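# Structural features, examined
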Amino acid sequence: MKKIAIYILTAWWLAACSNPVTDPEKVDAWPDIYPDYIGVTIPATIAPMNFNCTGGAYERVDVTVTGGKSGEIHVNDKTVSFPPKKWKELLEANKGDSLRFTVCIQAEGKWKQYRSFTMHVSSYPIDYGVVYRKIAPGYEVYSKMGIYERDLSTFNERPLLENTMIPGMCLNCHAFNKTNPDYMSLHIRGANGGTLMQINGKREMLNTKTDSTLSACVYPYWHPGGKYIAYSVNNTRQSFHAVKDERVEVLDLASDVLVYQPETHELLRSPLLQKKEVFETFPVFSPDGRKLYFCAAEAKDIPAEYKEIRYSLCSIDFNPEDGTFGERVDTLVNAAAMQKSISFPRPSYDGKYIIFALADYGNFSIWHKEADLWLLNLQDGAMRPMTEVNSDDTESFHNWSSNSRWFVFTSRRGDGLYTRLYLASMDENGVVSKPFLLPQENPWEYYDCSVYSYNVPDFTSEPVKLEQRKVELEIVSNKRVPVKIKE
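Before going into details, it helps to say that this report is about the structure given with it. This structure is a prediction, so every number in the text was calculated from the model and none was measured.

### What to know about the overall build of the protein chain
Of regular secondary structure, the protein chain possesses four helices and 36 strands. The globule rule puts the C-alpha radius of gyration for 487 residues at 23 Å, and the 24 Å found for the protein chain is close to it. A buried classification covers 53% of the 487 residues belonging to the protein chain. Of the charged side chains in the protein chain, 54 are positive and 62 negative, and the gap between their average positions amounts to 4 Å.

This is how it looks when you write it as structure tokens:
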């Protein structure tokens, strides 16, 4: 058996080296690769950054990856696929340094060697995984969709819940507490609607609609202490454009912000967040738990004035000791004065920044081609567009890693139709790196064949613990824990 193994390894080695690079023509240009990983910054635990050569037909590709400190990987094949174990060892050995990639491509029997490029291996760790929803871009009916978890150190993806379990079910609005999956909220729409709440292994199916609120609770965000979770309640409608680049608009006819206390099953409200003349949505707590940020816009006539609806970034004090709110609303960013509109604010967990999406109008920037990510510095109030990560197409939903050194966001920059996940880093000085597309084993084949959009990505510090079969039975049952308004 040992001899057979040696023969197999020898044959594999000879096959791998059967077409070595000989006398290549030097080309002073970057290689055409997909995804564009040239010059990106990556975490030391990321899955292999495999890529495809897209500059035309070729017979073979040869890639040498050399670590700035030590180590080397060599691939000579039709595809660029790095051995996972060697890749992991190379990244660990070069943490805080760079990898140098030299790409040679053979076409019509001749080799060309392109300009070498680098990837920086960050010394900052990233969390275990990312959880997201994948959904086909349909509107009239819920096609197949689900909430999935991806291990960032491998290509392994697993479904947490899929709507194939229960026909007609829509899964959305999942949230974890600062990447801790032991605190989870997930909303379910359809005939078996409800809110799944799981805290430290204890799970409930809630009915969060009351006679005094506009809707069931949506758009969740946990208080860092885990005692509360903020929600908005929204009277939402979809409309459809006749303009090619403006496909869908999601409109709030009314919306409010409130806070839920799981221990008492009570909804906490402030009259300042329940005004009919104001639309309030997308609540998020500050990292110290003493402020509640949200988006607010002057109510307008819909649909006649929907392009005049512009949301600003606001805040109100919150006292976690007794669950009470402050007595005034402050405006942090007056987007209406800029003739712009803010959605999806997300504060970094170190308390330094807020990333938000900025579009021309409305509160649902996912289908706004002009939507970009902006960065607000909470220490000095300065804000700027994140030109390092923005593109000519939609940048939208985003979330921070637990150490505030990485963020994940959705973008339609690939084809203008499907949202994909991109990751980027931010160092201690606020310097943002070039983003990179979520790695796949064969990226071109994977993304070219995929008919699903990614949305609502959130980091997780460890795998989510969810008993699928029990959850399915709980969803189809009529048992729901009612919530009440705190008097």
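There's more to say after this.
### Regarding helix H2 (residues 84–93)
Since the α-helix packs 3.6 residues into each turn, any two residues three or four apart lie on the same face. When H2 is considered as a whole, its buried residues turn out to be Trp-87, Leu-90 and Leu-91. Down the axis of H2, the sector holding all buried residues measures 95 degrees, keeping them to one side. Along H2, exposed side chains directed more than 90 degrees from the buried face belong to Lys-85 and Lys-88.

### Considering the sheet that holds strand E13 (residues 170–177)
Two pairing modes exist for strands in a sheet, parallel and antiparallel, and in both the strands are linked by backbone hydrogen bonds. Strands sit in the order E13-E14-E15-E16-E35 across an open sheet of five strands; the sheet is mixed. Looking along the sheet, the strands with just one partner apiece sit at the ends: E13 and strand E35 (481–482). Bridging between strand E16 (residues 202–207) and E35 involves two bridges; their strand directions are parallel. The residue of E35 that forms the bridge with Asn-207 is Pro-482. Along the sheet, helix H4 (residues 468–476) makes contact with strand E14 (180–189), strand E15 (194–199) and E16, crossing E16 at roughly 25 degrees.

### Digging into the state of the cysteines
With the rule as written, the count across this model stands at zero disulfides. In this model Cys-104 remains outside any disulfide bridge; the closest cysteine sulfur is found in Cys-53, 10 Å from its own.

### Concerning the pattern of salt bridges
Counted by the stated rule, this structure contains 21 salt bridges. For Asp-317, the salt bridge goes to Lys-291, with nearest N and O atoms at 2.9 Å. Separated by 26 residues along the polypeptide, Asp-317 in strand E23 (residues 312–319) and Lys-291 in strand E22 (residues 291–298) bring together distant segments of the chain. When its relative accessible area of 41% is taken as the criterion, Asp-317 is described as partly exposed. By relative accessible area, Lys-291 is classed as partly exposed at 29%. Between Lys-340 and Asp-360 there is a salt bridge, with its nearest N and O atoms 2.6 Å apart. Within this pair, whereas Lys-340 is found in the loop between strand E25 (330–333) and strand E26 (341–347), its partner Asp-360 is found in the loop between strand E27 (353–359) and strand E28 (372–377), the two being separated by 20 residues in sequence.

### Some thoughts on the packing of aromatic side chains
Scanning the entire structure with this criterion turns up 20 aromatic pairs. When the centroid spacing of 5.2 Å and the interplanar angle of 20 degrees are considered together, the rings of Phe-82 and Trp-87 count as stacked. Take Phe-82: its relative accessible area is 2%, and that puts it in the buried class. Looking at Trp-87, the relative accessible area reads 1%, which means it is buried. Each member of the aromatic cluster is reached from another via a ring pair, and the members are Phe-51, Phe-82, Trp-87, Phe-101 and Phe-117. Its end group placed over the ring of Tyr-58, Lys-78 keeps NZ or CZ at 5.0 Å from the ring centre. The residue whose ring lies beneath Arg-115 is Trp-30, and the NZ or CZ to ring-centre distance is 4.5 Å.

### Quick look at empty space enclosed by the protein
Taken as a whole and judged by the stated rule, the model has one cavity of 30 Å³ or more. Taken as a whole, the largest cavity spans an internal volume of roughly 50 Å³. Split by residue class, the lining of the largest cavity holds seven nonpolar, two polar and one charged.

### As for the nonpolar core
Grouped together as the largest cluster of nonpolar side chains are 104 residues, with contacts concentrated most on Ile-42, Phe-51, Phe-82, Trp-87 and Phe-101. Apart from the residues within four sequence positions on either side, Ile-42 is in contact with Met-49, Trp-87, Leu-91, Met-119, His-120, Val-121, Ser-122, Trp-406 and Phe-436.

### Quick look at the side chain of Ser-450
Along the chain, the position of Ser-450 falls in the loop between helix H3 (443–449) and strand E34 (453–460). If we skip the residues at most four places from it in the chain, Ser-450 touches Tyr-418 and Arg-420.

### Regarding the sheet that holds E27
Here four strands make up an open sheet; going across it, the order is E26-E27-E28-E29 and the pairing antiparallel. Two strands bound the open sheet, and with one partner strand each, they are E26 and strand E29 (383–385). If you compare each strand with its neighbour and ignore which way they point, the axes differ by 25 degrees on average. Across three bridges, E28 lies against E29 in antiparallel orientation. Counted as the bridge partner of Leu-375 is Arg-384 from E29.

### Description of unusual backbone geometry
Omega for the bond connecting Tyr-34 with Pro-35 falls within 30 degrees of zero, at -5 degrees, which places this linkage in the cis form. By the element assignment, Pro-35 lies in the loop between strand E2 (33–34) and strand E3 (41–42). Backbone geometry places Glu-108, a non-glycine residue, at a positive phi of 55 degrees. Within the secondary structure layout, Glu-108 lies in the loop between strand E7 (98–107) and strand E8 (110–114). Of the residues examined, Glu-108 reaches a relative accessible area of 75% and is grouped as exposed. The backbone of Val-456 sits at a positive phi, close to 50 degrees, despite the residue not being glycine. Position of Val-456 relative to the elements: it lies in strand E34. By relative accessible area, Val-456 is classed as buried at 17%.

What counts, and where the lines are drawn
Residues numbered from 1 in each chain as written. Predicted model: local features only at pLDDT ≥ 70, side-chain atom pairs only at ≥ 80, totals over all residues. Heavy atoms only, no water. Helix = DSSP H or I, 4+ residues; strand = E, 2+ residues; numbered from the N terminus. Rg over C-alpha atoms; globule rule 2.2 N^0.38 Å. Buried < 20%, exposed > 50% of the residue type's maximum accessible area, 1.4 Å probe, protein only. Lys, Arg positive; Asp, Glu negative; His and termini not counted. Charge placed at Lys NZ, Arg CZ, Asp CG, Glu CD. Arc of directions from axis to C-beta. Pairing = 2+ DSSP bridges. Contact = heavy atoms within 4.5 Å. Axes fitted to C-alpha atoms, helices over the stretch in contact; angles between N-to-C directions. Disulfide = S-S within 2.5 Å. Salt bridge = Lys/Arg side-chain N within 4 Å of Asp/Glu carboxyl O. Phe/Tyr/Trp six-rings, centres within 6.5 Å; stacked < 30°, edge-to-face > 60°. Lys NZ or Arg CZ within 6 Å of the ring centre and 35° of its normal. 1 Å grid on protein atoms, 1.4 Å probe; cavity = no way out; pocket = protein on both sides within 12 Å on 5 of 7 lines; lining within 4 Å. Points joined across faces, edges and corners; volume = space filled by probe spheres on them. Nonpolar A, V, L, I, M, F, W, Y, C, P; charged D, E, K, R; others polar. Core = buried A, V, L, I, M, F, W, Y, C linked by side-chain atoms within 4.5 Å.

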